[in-house]
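The lines below spell out each chain.
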Amino acid sequence: MFRPQIQKTSTLFFIALFNVCMVYLAVNSETKIEKLGYREKIQASNKMEKIILALDENFEFEKSKLDIYETGLFGANNSSITTIQDYDSLMIKSKLLTTHPNFAAIIVEFFYDAEIDAGDTIAVSMTGSFPGANIALLSACETMGVIPIIISSAGSSSWGANRESFSWPAIESFLYDEKLIKKQSIAYSMGGDNDNGDNLSDAGIELLESIIPNNIIFVNRLNLFDNIDKKIELFRNSCTDYSMYVNIGGGASSLGPGNDKDTLQVGLLNILDMEDSQFDGFESSIAYQFLKKESIPMLNIKNITKLVSDSYKKEFFKGDMEIGKGSLFYKYDSYNPVVILLCLFLSLGLIASIGIFSHLQIKRRMETHEVDS
């Protein structure tokens, strides 16, 4: 018995199966969209990568086996300029996260969230503990046209810029002299306990003092709170209209003395976020001055494993992570119109083609039947 192709069970089953596949592809399709600040993120990451390559070419030292990105910005466990020794695995991960060039893109994202624009001035407290975060911030500032007023502390905790030949003052001076960065610190303090290097050896203090450039102010008052007052004075003298205060690391002058500063939230903070953050010494800190007295928002770059989202962390610890790829640069919306239309046309095309083929079969059959008759 003659049956055209479209009436065959096998053909109908194939059409149904094909359409189910098309529906599945359409429902599970995604649209890849560039995130806000995509171009600036790319530029900042490329800028940071360029700086890392320049440092690698001009400084000689043995890189740690833990330095998975092989940047050299991940330091040693101990040295004469190490303020705090730390074996915590989370701290090691935090230090590593900041050394990848894509960390500059994270700073750009924070700038966009805080509505920081070109021409804005920000106050920055840096330490040697996170050289990667320091470079990321400087890269983001130059990419977006943001003006940083920087005061740094020279010492570093474990795994930071704590090699005697590769301290933060040495790194910053090299980058500025080579015109790889446009801004350098207006002042330095020693860092460490009480911001005066009280937990450093005399040899470590002498070494750091010799590295700090002579043309940069050295803040070395009798005690921590005098150092804080002097730094606040320097910030005020440099600008009267700050858009944000940025803290990098756990500097005693920036956040206050003691370990209680580790309880502070990380990321973007405003005065309301600080209601429950009260501890001895905080009211004398630079952060308190900006947040509570002047109502200027703060970006707290510390405890990096908390600062960086889980999706970013997964990508950061992949060995093949590249600039311009991943959820840091793109977001994915459900459904892709192109895929949906393609699936629709393929389904209609399949049905139409089988229908035309079946029509031709019937026509030929009828012509043959008439001749036979």
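This text follows the structure it describes.
Residues numbered from 1 in each chain as written. Predicted model: local features only at pLDDT ≥ 70, side-chain atom pairs only at ≥ 80, totals over all residues. Heavy atoms only, no water.

Trainee: Honestly, the overall build of the protein chain in this entry has me stumped. Any pointers?
Mentor: Within the protein chain, the regular secondary structure consists of 13 helices and 11 strands. Counting only C-alpha atoms, the protein chain reaches 120 × 45 × 35 Å along its principal axes. By the burial criterion, 50% of the 373 residues in the protein chain qualify as buried. Long-range contacts, defined as pairs at least 24 residues apart, comprise 81% of the intrachain contacts of the protein chain with a sequence gap of at least 6. When the accessible area of the protein chain is evaluated, it comes to approximately 18600 Å², of which 53% is carbon and sulfur surface. A gap of 10 Å separates the mean positions of the 33 positive and 48 negative side-chain charges of the protein chain. (Helix = DSSP H or I, 4+ residues; strand = E, 2+ residues; numbered from the N terminus. Buried < 20%, exposed > 50% of the residue type's maximum accessible area, 1.4 Å probe, protein only. Contact = heavy atoms within 4.5 Å. Areas by Shrake-Rupley, 256 points an atom, 1.4 Å probe, with all protein chains shown as cover. Lys, Arg positive; Asp, Glu negative; His and termini not counted. Charge placed at Lys NZ, Arg CZ, Asp CG, Glu CD.)

Trainee: Explanation requested: the packing of aromatic side chains in the structure shown.
Mentor: All told, the structure shown has 13 aromatic pairs when counted by the stated rule. Judged by centre distance (5.3 Å) and plane angle (10°), the rings of Phe74 and Trp159 are stacked. With a gap of 85 residues between them, Phe74 in the loop between helix H2 (38-58) and helix H3 (89-97) and Trp159 in the loop between strand E3 (147-153) and strand E4 (162-163) connect regions that are remote in the sequence. Each member of the pair, Phe74 as well as Trp159, is classed as buried. Between the aromatic rings of Phe235 and Tyr245, the centroid separation amounts to 6.4 Å while the plane-to-plane angle is 85°, which identifies the pairing as edge-to-face. Placement of the pair is Phe235 in helix H8 (residues 224-238) and Tyr245 in strand E8 (residues 244-248), with a sequence separation of 10 residues. By the burial criterion, Phe235 is buried, and Tyr245 matches it. What links up through ring pairs into an aromatic cluster is the set Phe59, Phe61, Phe166 and Phe174. When the ring centre of Phe130 is taken as origin, the NZ or CZ atom of Lys95, which lies over that ring, is 5.1 Å away. (Phe/Tyr/Trp six-rings, centres within 6.5 Å; stacked < 30°, edge-to-face > 60°. Lys NZ or Arg CZ within 6 Å of the ring centre and 35° of its normal.)

Trainee: Could you clarify how one ought to interpret the pairing of E3 in this entry?
Mentor: On a regular strand, each side chain points to the face opposite its neighbour's, so the side chains alternate between the two faces of the sheet. Of all the 7 residues making up E3, 6 are buried; the element is thus mostly covered by neighbouring parts of the structure. Alignment of strand E2 (residues 121-126) against E3, held across 6 bridges, turns out to be parallel. Considered in E3, the bridge of Ser125 is made with Ile151. Read as a crossover between parallel neighbours, the route from E2 over helix H5 (residues 131-144) to E3 is right-handed. (Pairing = 2+ DSSP bridges. Right-handed = clockwise from strand over helix to strand, strands pointing away.)

Trainee: Help me out: how do you make sense of the packing of H2 against helix H6 (residues 168-177) in this one?
Mentor: Packed helix pairs are characterised by how far apart their axes lie and by the angle those axes make with each other. Between H2 and H6, the shortest axis-to-axis distance is 11 Å and the interhelical angle comes to 110°. Put simply, H2 runs roughly perpendicular to H6. Residues Ile51, Ala54, Leu55 and Asn58 of H2 form the contact with H6, whose own contacting residues are Ile171, Phe174 and Leu175. (Axes fitted to C-alpha atoms, helices over the stretch in contact; angles between N-to-C directions. Parallel < 35°, antiparallel > 145°, perpendicular 65-115°, else oblique.)

Trainee: What exactly am I supposed to notice about a nonpolar patch on the surface here?
Mentor: There is a patch of nonpolar side chains on the surface, built from Val23, Val27, Tyr335 and Ile340 and spanning about 350 Å² of accessible area. Among the secondary structure elements, Tyr335 is positioned in the loop between strand E11 (330-334) and helix H13 (337-372). Among the residues examined, Tyr335 registers a relative accessible area of 45% and is labelled partly exposed. (Patch = residues over 30% accessible without salt bridge, like charges linked within 9 Å, V, L, I, M, F, W, Y side chains within 5 Å. Salt bridge = Lys/Arg side-chain N within 4 Å of Asp/Glu carboxyl O.)

Trainee: Help me out: how do you make sense of the pattern of salt bridges in this one?
Mentor: Think of it this way: side chains of opposite charge can pair up when their charged atoms draw near. In this structure the tally under the stated criterion is 7 salt bridges. For Lys63, the salt bridge goes to Asp56, with nearest N and O atoms at 2.9 Å. Among the residues examined, Asp56 registers a relative accessible area of 34% and is labelled partly exposed. Note that Glu322 is salt-bridged to Lys325, the shortest N-O span being 3.3 Å.

Trainee: Help me understand the side chain of Asp67, please; the structure alone is not making it clear to me.
Mentor: With respect to the helices and strands, the residue Asp67 is situated in the loop between H2 and H3. Buried within the structure, Asp67 lacks any salt-bridge partner; its nearest side chain of opposite charge belongs to Arg163, at an N-O separation of 5.7 Å. A polar contact of 3.2 Å, which involves the side chain of Asp67, links it to the backbone nitrogen of Thr71. Apart from residues no more than four positions distant in its own chain, Asp67 is found in contact with Gly72, Leu73, Phe74 and Leu96. (Polar contact = N/O pair within 3.5 Å; in protein donor to acceptor, adjacent residues only side chain to side chain.)

Trainee: What is the right way to read the side chain of Thr127 from this model?
Mentor: Mapped onto the elements of the fold, Thr127 is located in the loop between E2 and H5. On the basis of relative accessibility, which here comes to 6%, the residue Thr127 falls in the buried class. Of note is the side chain of Thr127, whose polar atom sits 3.1 Å from the backbone nitrogen of Ser129. The contact partners of Thr127, leaving out residues within four places of it in the chain, are Asn134, Ser153, Gly155, Ile248, Gly249, Gly250 and Gly251.

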